[in-house]
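# Residue-level structural notes
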Amino acid sequence: MQWGNAPPKVKLVDVNTQDPSAPPAGSVEHRLLDQALQILGRGDKKALTLQRTAEQADIPLEEARALYTDDATLYAEVSRFLDERLRVFADRELAKLPADVPIIKQVLANATGYFNAALDNPTYFAAYSHSQVVEDFPNFEEQIERPLNPDAFPAITARVLNLILEATRQLEVPIQEDLIITGTLALLAETHGLAHLATFGIMRHLSPTAKRQTFQAAMGSLLSGLCNTLAEGNIVHFDPETIPGEISKPWTTLAKDLPRETKEDIREAILRGAAEEVVAAGLDGFTLKKAAQRADIAFNTATQLFDGDQALLRELEIHLDEANTQAIVRQAASVPEGSPALTAIKAAGFGYIDYALADPTGFVALIEISSRSIVPVSFDDEGGMAQPFDMGKAFTYLMNIVRDAISESEGPRSTWVLYTQMMSLWGAAHGIAQLATIGVLRYTSPEFGFRVSSRVMDIGLRGMINALELREP
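Since the model is a prediction, treat every value here as computed from it, not as a measurement. Along every chain, residues carry numbers that run from 1 in the direction the sequence is written. Reporting in this predicted model follows two pLDDT cut-offs: at least 70 for local features of residues, and 80 or more for side-chain atom pairs to be given and counted; totals over whole chains, interfaces and linings ignore these cut-offs and use all residues. In computing side-chain properties, one takes all heavy atoms of the structure into account and sets aside hydrogens as well as water.

## Considerations on the confidence of the model for the chain
- Chain-level statistics for the chain give a pLDDT mean of 86 and a share of 87% at 70 or above.
- Counting interchain partners and residues more than four positions distant, the pLDDT-below-50 stretch residues 1-17 has 39 contacts.
- Contacts from residues 385-389, a stretch scored under 50 in pLDDT, to residues over four places away or in other chains number 9 contacts. Confidence of the prediction at every residue is given by pLDDT, a number between 0 and 100. Two residues qualify as a contact provided that any one of their heavy atoms is within 4.5 Å of a heavy atom in the partner residue.

## Re the pattern of salt bridges
- Here a salt bridge means any side-chain nitrogen of Lys or Arg lying within 4 Å of a carboxyl oxygen belonging to Asp or Glu. Counting across every chain of the model gives 20 salt bridges.
- Of the charged contacts, one joins Arg 85 and Asp 120 as a salt bridge, the two residues approaching to 2.3 Å between their closest N and O atoms. Of this pair, Arg 85 sits in helix H4 (residues 71-94) while Asp 120 is found in helix H5 (residues 103-120), placing the two residues 35 residues apart along the sequence.
- Of the residues examined, Asp 120 reaches a relative accessible area of 25% and is grouped as partly exposed.
- In this structure, the salt-bridge partner of Asp 404 is Arg 403, at a minimum N-O distance of 3.3 Å.
- Relative accessibility decides the category of a residue: with a 1.4 Å probe and only protein chains considered, values under 20% of the type maximum give buried, values over 50% give exposed, and everything between is partly exposed. Residue classification places Asp 404 among the partly exposed positions, given a relative accessible area of 35%. Strands are runs of DSSP state E lasting at least two residues, helices are runs of H or I lasting at least four, and both sets are numbered from the N terminus onward.

## Notes on the environment of Lys 346
- Along the chain, Lys 346 turns up in helix H14 (residues 341-358).
- Assessed through its relative accessible area of 0%, Lys 346 is described here as buried.
- For the pair Lys 346 and Ile 243, spaced 103 residues apart in the sequence, the C-alpha separation amounts to 8.9 Å.
- Beyond its immediate chain neighbours, meaning those up to four positions away, Lys 346 contacts Phe 238, Asp 239, Pro 240, Glu 241, Ser 454, Arg 455, Met 457, Asp 458 and Leu 461.
- Within the local environment of Lys 346, its side chain forms a polar contact with the backbone oxygen of Phe 238, the two atoms lying 2.7 Å apart. Throughout this description, a polar contact denotes any pair of N or O atoms lying within 3.5 Å of each other; where both atoms belong to protein, one of them has to be capable of donating a hydrogen while the other can accept it, and for residues adjacent in sequence the pair is counted only when both atoms sit in side chains.

## Regarding the environment of Lys 211
- Positionally, Lys 211 belongs in helix H9 (residues 208-232).
- Its relative accessible area of 12% is what places Lys 211 among the buried residues.
- Distance from Lys 211 to Leu 119, taken between C-alpha atoms, is 9.3 Å for residues 92 residues apart in sequence.
- With residues near it in sequence (within four places) discarded, Lys 211 still touches Phe 115, Leu 119, Ala 198, Met 203, Arg 204 and Leu 206.

## Quick look at the packing of helix H10 (residues 263-281) against helix H11 (residues 288-295)
- Note on geometry: axes are C-alpha line fits, over the in-contact stretch for helices, and angles between N-to-C directions span 0 to 180 degrees. Where H10 contacts H11, the two axes come as close as 7 Å, and the packing angle between them is 110°. For the element pair H10 / H11, the angle class is roughly perpendicular. When H10 is examined against H11, the residues Ala 269, Ile 270, Gly 273, Ala 274, Glu 276, Glu 277 and Ala 280 are found in contact with a partner set consisting of Leu 288, Lys 290, Ala 291, Arg 294 and Ala 295.
- In this classification, the charged set is Asp, Glu, Lys and Arg, the nonpolar set is Ala, Val, Leu, Ile, Met, Phe, Trp, Tyr, Cys and Pro, and all remaining amino acids, among them Gly, are polar. Here the contact of H10 with H11 is composed, by residue class, of 7 nonpolar, 1 polar and 4 charged. For classification, angles of less than 35 degrees are called roughly parallel, those exceeding 145 degrees roughly antiparallel, those between 65 and 115 degrees roughly perpendicular, and all remaining angles oblique.

## Focus on unusual backbone geometry
- The residue after Asp 239, namely Pro 240, is reached through a cis peptide bond having omega -5°.
- By the element assignment, Pro 240 lies in the loop between H9 and H10.
- A positive phi angle, close to 60°, is found at Glu 172, a residue other than glycine.
- Looking at the secondary structure, you find Glu 172 in the loop between helix H7 (155-171) and helix H8 (177-199).
- Overall, Glu 172 belongs to the exposed group, its relative accessible area being 73%.

## Description of the packing of H7 against H8
- The geometry of H7 relative to H8 is characterised by a closest axis approach of 9 Å and an angle of 125° between their N-to-C directions. Taken together, the axes of H7 and H8 are oblique relative to one another. Note on packing geometry: the crossing formed by H7 with H8 is right-handed. Between H7 and H8, the residues in contact are Ile 156, Thr 157, Val 160, Leu 161, Ile 164, Leu 165 and Thr 168 and Ile 180, Ile 181, Gly 183, Thr 184, Leu 187 and Leu 188, respectively. Crossings are sorted by hand: turned counterclockwise from the far helix by less than a right angle, the near helix makes the crossing left-handed, and turned clockwise it makes it right-handed.

## Thoughts on H14
- The end-to-end C-alpha separation of H14 is 26 Å, in line with the 26 Å expected for 18 residues at 1.5 Å each.
- Within H14, 17 of the 18 residues are buried, leaving the element largely enclosed by the surrounding structure. Expected helix span is computed as 1.5 Å times (number of residues minus one).

## Focus: the side chain of Glu 276
- When you line up the elements, Glu 276 lands in helix H10.
- Buried charged residue Glu 276 carries no salt bridge. Nearest counter-charge: Arg 272, at 4.4 Å.
- Of note is the side chain of Glu 276, whose polar atom sits 2.8 Å from the backbone nitrogen of Ala 255.
- When near neighbours in sequence (up to four residues on either side) are disregarded, Glu 276 contacts Thr 253, Leu 254, Ala 255, Arg 294 and Thr 361. Only four residue types enter the tally: Lys and Arg on the positive side, Asp and Glu on the negative side, with His and both chain ends excluded.

## Digging into the packing of aromatic side chains
- To pair, rings of Phe, Tyr and Trp, with the six-membered ring standing in for Trp, must have centres within 6.5 Å; the planes then decide the type, stacked if under 30 degrees apart, edge-to-face if over 60, and tilted in the middle. Tallying each qualifying case throughout the model produces 9 aromatic pairs.
- Each ring, one from Tyr 114 and one from Tyr 128, has its centre 6.1 Å from the other, and the planes form 80°; the classification is edge-to-face. A residue pair is termed long-range when its members are at least 10 positions apart, and Tyr 114 in helix H5 and Tyr 128 in helix H6 (residues 122-130) qualify at 14 residues. For the residue pair Tyr 114 and Tyr 128, the accessibility class agrees, reading buried in each case.
- Plain terms: the ring middles of Phe 115 and Phe 215 are 4.2 Å apart, the flat faces sit at 15° to each other, and that makes the pair stacked. Of the two residues, Phe 115 is situated in helix H5 and Phe 215 in helix H9; the sequence distance between them amounts to 100 residues.
- Take Phe 115: its relative accessible area is 1%, and that puts it in the buried class.

Below is the structure:
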């Protein structure tokens, strides 16, 4: 089958050229749009108002109203711009392909354009991530229209849906609406997850070449699983079918409302204030003083507990990494003793998503402040003495269970294979976590999010088996 071929090497376009989807640089429209995108990148639809945008762009409100009559008009134009921008970047990649290229390579090119757009302007990508592109994503088990209508979905989702529909027709297999939508979500989750990690997460520390190589390898693994899923007409299910352990309790308390009876209470409140500050304003301009203000703690008290801005960020990273690790390990430890390593991987994925759903503030802050290595130097070392860099507890745990799965299934003992398979599976879980906390799945129930996650991880695990020619458990 043609789809089993290795993904082509992609020659990237010059992303510094003028974006044809943007208004002229320096114009009033451009200044307003740029400010609107910055606001949306740190908030949501409610945060984006015409008055706030005009004030930040230093443009009289009446002049702004001449372009956008009200908040709804501004938001609609921002959404249109973001969709058009992603289309432009995707079309650049699609234009490089021969006319008779297999559909799966078009799918990869479309995803590569999405990834390139994120790298080109992370602020615009953040705005797209937060935009309220749809309020009611169909339940793929109960609410799917037949025949499937791609126009009912957001523009970018519809584009992927159409590509998968075309691929299914090319394979000459029956159209299954639930399978098409699940495959679309898997692609969106993987693409978005890797793009977010490369712009705001731990992959931002890699070189541009390393980012793109990681993306291509990780996508190749997922697409391998999707190819077989569509061709066979069903998703191969892996255990556990749903989250196996106790679900985390949602964190709802703000830093200013936390107890402060003991020194440890005060430290906890300042750490929480730091997380809230990172989520609200990012790392630029972050200070211990701002974190203390959010926690309603006197600055002189905060300086007695934390040795400056960077020390606070370092402690916050360790603190949040520990919380993430506990959620991951709790789920992985809930599977029956003696289960295959692939089962532990899927359970750990549920744990990662569970942490994001229970504490979106902590999850977003952790991703943005992560500063540790994610590139193993040895396949055989279990995150121990041979690793010269601190990889963090959560990443080390995830890397080791992927390593166990490769060893258990007699896969290649290659550091590059370990790294790329780790990133492929993490990218999908991270994408789902993003969609469920600030994206299109945030309007659904946690139970629906876990069901979606299960099917997406099934496709990813199938890709891991296919890409590495492992023995199925």
